[in-house]
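# Residue-level structure breakdown
Next come the chains, spelled out residue by residue.
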Amino acid sequence: MIRTVLAATVAALLAGLVPATPAAASPAVTYTNPIAPQRADPHIVKHTDGFYYFTATAPEYDRIVLRRATTLQGLASAPETVIWRRHTSGEMAAHIWAPEIHFIDGRWYVYFAAGRSDDVWAIRMYVLENAGANPLSGTWVERGRIATPLNTFSLDATTFTHNGTRYLAWAQNDPAVGSGTNLYLARMANPWTITGAPVRIAVPTQSWETIGFRVNEGPAVTQRNGRVFMTFSASATDANYCIGLLTASASANLLNPASWTKSTQPVFRSNDATSQYGPGHNSFTVSEDGLSDILVYHDRNYREISGDPLNDPNRRTRYQKLYWNADGTPNFGIPVPDGVTPYRFRLHNTADRFIRHASFRARIDANVTALADSQFRIVPGLAGSGTVSLESTNFPGYYLRHRNFEVWLDRDDGSQTFRSDASFFRRAGLADTAAVSFEAANFAGRYIRQSAFLLYVQAVDTAGRADATFHLE
């Protein structure tokens, strides 16, 4: 296993990329969503030059855009450069979709899908190459179409390395299988050519994959904990669009379809409570410090769409932190509300216990797989005066507050009593100044603390400081 991890890290360094091995959940990161309006199918890579590079589908479907910044949030305001425009006739003249940018063997490559001027639905996969250090200013050369044995509708090419081998994953129609798109995988001879026979690793068969259309598309890969995880998007590109997950052992033959197990349910889907609809076509990147995995995806903030969803321009790019369960699997949670992303609060003197709500009672639990139950936004205090309040992620408008010194999750009723009970002063951690503690705004000297894994607002003596100290993750 050590040899495998080392080989993967060396391969990433040779490719010129920041190592892709995800890190632990700590420390916290925050971003403000949405990042980019009218930018779908987002792909972001962090390069060794200190920049993040971001490309996505423009709703006019006529060009490939690129922006860069030294921070993920900075991409929201970074200037955008058009690096390539569609042809006026023939191939690559319509439906310019889902670009991805990769740095391979010292050169930049963009993978994208495009149709023909005489048949806009004759969509195939294409590659651009740039030998310059800065892909916003270098010259892009068309390497042409990625040839596959099936000359059919194909799109969403992505590439990754595993155990020293580079692979291409993509979505394609096979008339022998039926309508819609399946997922395929093949080795690569070079960045624009596959080698050997591709294998079909996923077919849309479950109910959540076949709403509107039979769709498995938009593969994206992250590797951790001895496994290869491939997300994909399913169903029509409206509120039914969602993300599923394929999993393979890191020691398995990835070109054997039996090596892959598909999730029985979406791992990420629309959420009415947070007003996020049709999350999908994601990619993965890492936080600025390299210590957190970041999920990048698009969605809309409304459910109903007039006409064909492909003509609705308002898919927008968003970020949120990707967490990991105790069993080593990724936990996507739910699409968080617009605005500042939430935190988890880990108890100082345990490695695996977090504040969460259960039947609206606030407590400390381990292995909270219902991730959103343990995510809260730190917002300006309802009582003002420099305080903060802790708002639930999956119940927006509900806040942690104390009732008879017990901490509950309740809806803001607008009363002064509620606002006072739900407001706290954020203090340096009583047991660790790098962490946080929360002192009740209306009861000086009383802090949110755990006792027998339930949360209370209580006075804290020296021995109890760890019970009132939390690390942001």
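The preceding data block contains the structure.
Here's a quick rundown of the structure. Being a predicted model, the structure only gives us computed values, none of them experimental. (Residues numbered from 1 in each chain as written. Predicted model: local features only at pLDDT ≥ 70, side-chain atom pairs only at ≥ 80, totals over all residues. Heavy atoms only, no water.)

### Notes on the overall build of the protein
- Along its length, the protein carries two helices and 34 strands.
- By the compact-globule yardstick of 23 Å for 473 residues, the protein fits well, its C-alpha radius of gyration being 24 Å.
- Every one of the 473 residues in the protein was classed for burial, and the buried ones make up 55%.
- Within the protein, residue pairs in contact and separated by at least 24 positions form 51% of the contacts whose partners lie at least 6 positions apart. (Helix = DSSP H or I, 4+ residues; strand = E, 2+ residues; numbered from the N terminus. Rg over C-alpha atoms; globule rule 2.2 N^0.38 Å. Buried < 20%, exposed > 50% of the residue type's maximum accessible area, 1.4 Å probe, protein only. Contact = heavy atoms within 4.5 Å.)

### Let's talk about the pattern of salt bridges
- Inspection of every chain in the model, using the stated rule, returns 27 salt bridges.
- The shortest N-O distance in the salt bridge between Arg 377 and Glu 391 comes to 3.4 Å. Placement of Arg 377 in strand S26 (residues 376-380) and of Glu 391 in strand S27 (residues 388-392) is noted, with a sequence separation of 14 residues between them. Take Arg 377 and Glu 391: they sit in the same class, and that class is buried.
- Residue Arg 403 is joined to Asp 410 by a salt bridge in which the shortest nitrogen-to-oxygen separation is 2.8 Å.
- By relative accessible area, Asp 410 is classed as buried at 15%. (Salt bridge = Lys/Arg side-chain N within 4 Å of Asp/Glu carboxyl O.)

### A few points about the nonpolar core
- Within the largest apolar cluster, 26 residues are counted, with the highest numbers of intra-cluster contacts made by Leu 183, Leu 185, Ile 201, Met 230, Leu 246, Leu 254 and Trp 260.
- Those elements that place two or more of their residues in this core are strand S6 (94-104), strand S10 (154-162), strand S11 (165-172), strand S12 (182-190), strand S13 (193-202), strand S15 (227-234) and strand S16 (242-249).
- Here this core takes four residues from S15, the largest share from any one element.
- In this structure Leu 246 touches Leu 183, Ile 201, Ala 202, Val 228, Phe 229, Met 230, Phe 232, Trp 260, Thr 261 and Lys 262, once residues within four positions along its chain are discounted.
- Grouped together as the second largest cluster of nonpolar side chains are 23 residues, Tyr 343, Val 388, Val 436 and Phe 470 included. (Core = buried A, V, L, I, M, F, W, Y, C linked by side-chain atoms within 4.5 Å.)

### As for the sheet that holds strand S5 (residues 81-85)
- The strand order across the open sheet formed by four strands is S2-S3-S4-S5, and the pairing between neighbours is antiparallel. Edge positions in the sheet fall to strand S2 (40-46) and S5, since each of these pairs with one other strand and no more. When strand polarity is set aside, the average angle formed by the axes of neighbouring strands in this sheet is 25°.
- Of the strand pairs in this sheet, S2 and strand S3 (residues 52-57) are connected by five bridges, and their pairing is antiparallel. The residue of S3 that forms the bridge with Val 45 is Tyr 53. (Pairing = 2+ DSSP bridges. Axes fitted to C-alpha atoms, helices over the stretch in contact; angles between N-to-C directions.)

### Some details on the sheet that holds S16
- Within the open sheet, the four strands sit side by side as S14-S15-S16-S17. Their pairing is antiparallel. The sheet is open, and its two borders are formed by strand S14 (216-224) and strand S17 (261-262), each paired with just one other strand.
- Where S14 lies against S15, seven bridges are found, and the strand directions are antiparallel. Counted as the bridge partner of Asn 216 is Ala 234 from S15.

### Points about the side chain of Thr 469
- Tracing the backbone shows Thr 469 in the loop between strand S33 (454-459) and strand S34 (470-472).
- A distance of 2.7 Å separates a polar atom in the side chain of Thr 469 from the backbone oxygen of Arg 465. (Polar contact = N/O pair within 3.5 Å; in protein donor to acceptor, adjacent residues only side chain to side chain.)

### Some remarks on the environment of Val 110
- Turning to its location among the elements, Val 110 is positioned in strand S7 (residues 107-115).
- Overall, the relative accessible area of 1% leaves Val 110 in the buried class.
- Taking the C-alpha atoms as reference points, Val 110 and Arg 318, separated by 208 residues in sequence, lie 21 Å from one another.
- Setting aside residues no more than four positions away along its own chain, Val 110 makes contact with Ile 64, Ile 83, Pro 99, Glu 100, Ile 101, Tyr 126, Val 127, Leu 128 and Trp 140.

### Things to note about the packing of aromatic side chains
- Tallied over the entire structure, the rule returns 23 aromatic pairs.
- For the ring pair Trp 208 and Phe 232, a centre distance of 6.1 Å and an interplane angle of 25° mean the geometry is stacked. Of the two residues, Trp 208 sits in the loop between S13 and S14 while Phe 232 sits in strand S15, which places them 24 residues apart along the sequence. With respect to burial, Trp 208 and Phe 232 carry one shared label: buried.
- Every member of this aromatic cluster is reached through a ring pair, and the members are Phe 51, Tyr 53, Phe 103 and Trp 108.
- In this structure, Arg 143 is placed above the aromatic ring of Trp 192, and the distance from its NZ or CZ to the ring centre is 4.1 Å. (Phe/Tyr/Trp six-rings, centres within 6.5 Å; stacked < 30°, edge-to-face > 60°. Lys NZ or Arg CZ within 6 Å of the ring centre and 35° of its normal.)

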